Amino acid sequence: MLLALGLLFTGHWTDSLLLQGVSLVTCLAGAVLWVLGPRTLQAAAFPVAFLLLMVPLPSLVVDAVTEDLQLFAARTAGAVLDLFEVPFFLDGVLIQLPGITLAVATVCNGLRFLSALLVLTIASAQLSQRSLPRKLIL
């Protein structure tokens, strides 16, 4: 519980949502351990750890992958346009069509979709697979 309070204080001091979120999960784990004991915490390990997926990614990570994901989305859109034989010119994240220029915006990088897909995959693996190797493969 003291570790959770320390993380919360540090998170508020540094304005880090990551540390604040981790402090919440740490506090919950500490409360389960304190009130219900180590066996219950062991049984609840997955649900408690699963809550870590609610913690937002640090902005450094988001910033590091955003441009690459935007370029991937633009290239994929270009491939689809090629498939339908639509004339276009691709310049980075700009797709120039006859009469209009489209830009793949930062919010269109697909990171939120990938995050949601990861969460659903982990939950599905936990519910549908019995062995750890099969869960990890999924």
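Residues numbered from 1 in each chain as written. Predicted model: local features only at pLDDT ≥ 70, side-chain atom pairs only at ≥ 80, totals over all residues. Heavy atoms only, no water.

Caption draft 1: Layout of the overall build of the protein. Within the protein, the regular secondary structure consists of seven helices and three strands. The order of helices and strands in the protein, counted from the N terminus, is α-α-α-α-α-β-β-β-α-α. The C-alpha atoms of the protein give 21 Å as radius of gyration, which overshoots the globular expectation for 138 residues (14 Å, by more than 25%). Principal-axis analysis of the C-alpha atoms gives the protein an extent of 65 × 40 × 20 Å. Relative to its 138 residues, the protein shows a buried fraction of 19%. A separation threshold of at least 6 residues defines the contact pool for the protein, and within that pool the share at least 24 residues apart is 38%. A total accessible area of about 10,100 Å² is found for the protein, and carbon and sulfur atoms account for 71% of it. Considering the protein, the positive charge centre built from 6 side chains and the negative charge centre built from 7 side chains are found 29 Å apart. (Helix = DSSP H or I, 4+ residues; strand = E, 2+ residues; numbered from the N terminus. Rg over C-alpha atoms; globule rule 2.2 N^0.38 Å. Buried < 20%, exposed > 50% of the residue type's maximum accessible area, 1.4 Å probe, protein only. Contact = heavy atoms within 4.5 Å. Areas by Shrake-Rupley, 256 points an atom, 1.4 Å probe, with all protein chains shown as cover. Lys, Arg positive; Asp, Glu negative; His and termini not counted. Charge placed at Lys NZ, Arg CZ, Asp CG, Glu CD.)

Caption draft 2: Structural context of the environment of Asp-63. With respect to the element layout, Asp-63 can be found in helix α5 (residues 59-83). The class for Asp-63 is exposed, based on a relative accessible area of 57%. In this structure the C-alpha to C-alpha distance between Asp-63 and Thr-106, which are 43 residues apart in sequence, comes to 9.6 Å.

Caption draft 3: A look at the packing of helix α1 (residues 2-14) against helix α2 (residues 17-36). With their axes 8 Å apart at the nearest point, α1 and α2 run at an angle of 165 degrees to one another. Looking at the two axes, α1 sits roughly antiparallel to α2. When the axes of α1 and α2 are compared, the crossing they make is left-handed. Mapping the contact onto sequence places Leu-3, Ala-4, Leu-7, Leu-8, Thr-10, Gly-11, His-12 and Thr-14 in α1 and Leu-19, Gln-20, Val-22, Ser-23, Thr-26 and Cys-27 in α2. Of the residues that constitute the contact of α1 with α2, the class distribution is seven nonpolar, seven polar and no charged. (Axes fitted to C-alpha atoms, helices over the stretch in contact; angles between N-to-C directions. Parallel < 35°, antiparallel > 145°, perpendicular 65-115°, else oblique. Left-handed = near helix turned anticlockwise from the far one by under 90°. Nonpolar A, V, L, I, M, F, W, Y, C, P; charged D, E, K, R; others polar.)

From the geometry alone we can't say anything about function, so treat these as descriptive.
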